[in-house]
Amino acid sequence: MKILVGISGGIAAYKSPDLVRRIKETGAEVRVVMTHAATTFISPLTLQAVSGNTVSTDLLDPEAEAAMGHIELARWADLVLIAPATADLIARLANGMANDLLTTICLATTAPIAIAPAMNLQMWANAATQSNIKKLQQNGLSILGPDKGEQACGETGLGRMLEPTVLAAECLRFDPELTQSMSGKNILITAGPTREDIDPVRYLSNHSSGKMGFEIANAASRAGANVILISGPVTIDALISVKRVDVISANDMYQQVHENINDIDIFIGCAAVADYRVCEVAQHKIKKNDQQLVLTMVENPDILASVANLPEKPYCVGFAAETTKVLENAKHKLKSKNLDMICANDVSDSEIGFNSDLNQLTILTNDGLTTEFEKSNKKVLAEQLIQLIAQKI
Ligand code: C5P
């Protein structure tokens, strides 16, 4: 994939060399175009060193035009990513201006354009900036961020550029070689653990990291689907294109799933939902009085089965994390929960499953077929699973 990284003049430009490195790590080729203001924050030589290509800054530079001119750069790119995008650059783009090399390329390219805004929080909140952003969205540009947090100006709020690793991951979504096998499909995914309160300070949960579900959500989004991810408490991020809803308990997850189920084509239950919750959550912290503590528990609703038994049922995919009789149990769940597909994995193997970056899946479908996905990175498995589901629907 060929990515043209545009840099405009904001303090976040100090992160741009790192961004270029992170993008190159994904295997993409990078060329950099800087505005004049950007060169006051960071040297073109640095960007040349990390990108491995000469950096362009001037529209009317005969030497640069003789090498790779602005039209060639515009044609070369599979994606134009502007990071950081300042309020000024956003205003110029929104008005179709072509008063420097970067804005001219943006007008001349047919490639997708993504921008990562970075500015002071008041500048971001300003009505003029917001209406420019709206206009750019209407024109089909992707707006990545901004993030919340501490700003260079000393204030805290919305306006930070997204981190280079996050932006590099977003770029992959625009790879023209990606099959858009899920284009236009609406997918709802559950991921992560749930937490069931015991009292105001304690809860019951499990070891699910959410990694598998998040990778599936990202893979579905890269394949062109509209993805909603209902996640229990985890410490990881999904792609910005994934609509994320955070929940805590199984009951919260059940409610959010059913609030979002309309028009869903595919439901993937990847969450490790707690099977039971405490009957009555103590109002105050339980004191250590006796040697034994007995908790009475009640069964949680089965979210996946509830979706799979809806009158207008989406294509339903479940997971069966087992420690014994993996296939037997998975087969039983496929039938008893009325699923279309189940992904079985052996969580007794500590190398795969919960909290690991690796997994190994045996996929059973209701047409009686079995597909083995060998031990691999969860990201790779997620891509394979999405392609398999795409073939089935
Ligand atoms: O029955 P078991 O928990 O093993 O089934 C696992 C599958 O069912 C997973 O896909 C999980 O996300 C889903 N599940 C659910 N709601 C529950 C329990 C499990 O959606 N209460």
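Residues numbered from 1 in each chain as written. Predicted model: local features only at pLDDT ≥ 70, side-chain atom pairs only at ≥ 80, totals over all residues. Heavy atoms only, no water.

Here we look at the nonpolar core
1) Next: Grouped together as the largest cluster of nonpolar side chains are 36 residues, with contacts concentrated most on M182, I216, I268, F319, L385 and I389.
2) Next: Elements that contribute at least two residues to this core include exactly β8 (186-191), α11 (211-222), β11 (226-231), β13 (266-269), β16 (315-322), β17 (341-346), β18 (358-365) and α15 (378-392).
3) Next: Of the residues forming this core, the biggest block, 7 residues, is contributed by α15.
4) Next: In contact with L385, other than residues within four places in its own chain, are I216, F319, M341, C343, I363 and F373.
5) Next: One finds A38, V55, L81 and A168 within the second-largest nonpolar core, a separate group that totals 29 residues. (Core = buried A, V, L, I, M, F, W, Y, C linked by side-chain atoms within 4.5 Å. Buried < 20%, exposed > 50% of the residue type's maximum accessible area, 1.4 Å probe, protein only. Helix = DSSP H or I, 4+ residues; strand = E, 2+ residues; numbered from the N terminus. Contact = heavy atoms within 4.5 Å.)

Comments concerning the packing of α11 against α15
1) Next: Two elements in contact, α11 and α15, have axes whose closest approach is 8 Å; the angle formed by their N-to-C orientations is 50°. Taken together, the axis directions place α11 and α15 in an arrangement best described as oblique. Relative to α15, the crossing made by α11 is right-handed. Contacts between α11 and α15 involve K211, M212, E215, I216, A219, A220 and R222 from the former and K378, K379, L381, A382, E383, L385 and I386 from the latter.
2) Next: Across the contact of α11 with α15, the residue classes tally to 8 nonpolar, no polar and 6 charged. (Axes fitted to C-alpha atoms, helices over the stretch in contact; angles between N-to-C directions. Parallel < 35°, antiparallel > 145°, perpendicular 65-115°, else oblique. Left-handed = near helix turned anticlockwise from the far one by under 90°. Nonpolar A, V, L, I, M, F, W, Y, C, P; charged D, E, K, R; others polar.)

Notes on helix α7 (residues 101-108)
1) Next: The buried fraction of α7 is high, at 6 of 8 residues.
2) Next: Those residues of α7 lying buried are L101, L102, T103, T104, I105 and C106.
3) Next: The inward-facing, buried residues of α7 abut β1 (2-7), β2 (29-34), α5 (70-76), β3 (79-85), α6 (87-94) and β4 (113-117).

Considering the domain arrangement of the protein chain
1) Next: When its domains are assigned, the protein chain resolves into domain 1 (2-174) and domain 2 (186-392).
2) Next: Between the C-alpha centres of domain 1 and domain 2 the distance comes to 37 Å.
3) Next: Counting from both sides, the interface comprises 8 residues of domain 1 and, opposite them, 6 residues of domain 2.
4) Next: When the two sides are added together, the surface that domain 1 and domain 2 hide from each other amounts to roughly 550 Å², 67% of it contributed by carbon and sulfur.
5) Next: The largest per-residue losses of area from domain 1 upon contact with domain 2 belong to E170, L172 and R173, which jointly make up 72% of the total buried on that side.
6) Next: Summed over the shared surface of domain 1 and domain 2, the number is 0 salt bridges.
7) Next: Taken together, the connections running from domain 1 to domain 2 amount to 2 residue pairs in polar contact (both at pLDDT 80 or more). (Domains from an automatic or database assignment. Buried area = accessible area lost by both parts, 1.4 Å probe. Salt bridge = Lys/Arg side-chain N within 4 Å of Asp/Glu carboxyl O. Polar contact = N/O pair within 3.5 Å; in protein donor to acceptor, adjacent residues only side chain to side chain.)

A word on a nonpolar patch on the surface
1) Next: Taken together, the side chains of L204, Y276, L293, L295 and M297 present a nonpolar region at the surface, about 430 Å² in accessible area.
2) Next: Secondary-structure assignment places L293 in the loop between β14 (276-278) and β15 (297-299). (Patch = residues over 30% accessible without salt bridge, like charges linked within 9 Å, V, L, I, M, F, W, Y side chains within 5 Å. Areas by Shrake-Rupley, 256 points an atom, 1.4 Å probe, with all protein chains shown as cover.)

Concerning the pattern of salt bridges
Opposite charge on two side chains permits them to pair, given that their charged atoms come into close proximity.
1) Next: Considering all chains together, one arrives at 16 salt bridges under this definition.
2) Next: For R22, the salt bridge identified is with E25, shortest N-O distance 2.6 Å. Placement of the pair is R22 and E25 together in helix α1 (residues 16-25), with a separation of 3 residues, close to one helical turn.
3) Next: By relative accessible area, which is 24% here, R22 ends up partly exposed.
4) Next: Between R244 and D237 there is a salt bridge whose closest N-O contact spans 4.0 Å.
5) Next: A residue is classified by how much of its surface remains accessible, and R244, at 28% relative accessible area, is partly exposed.

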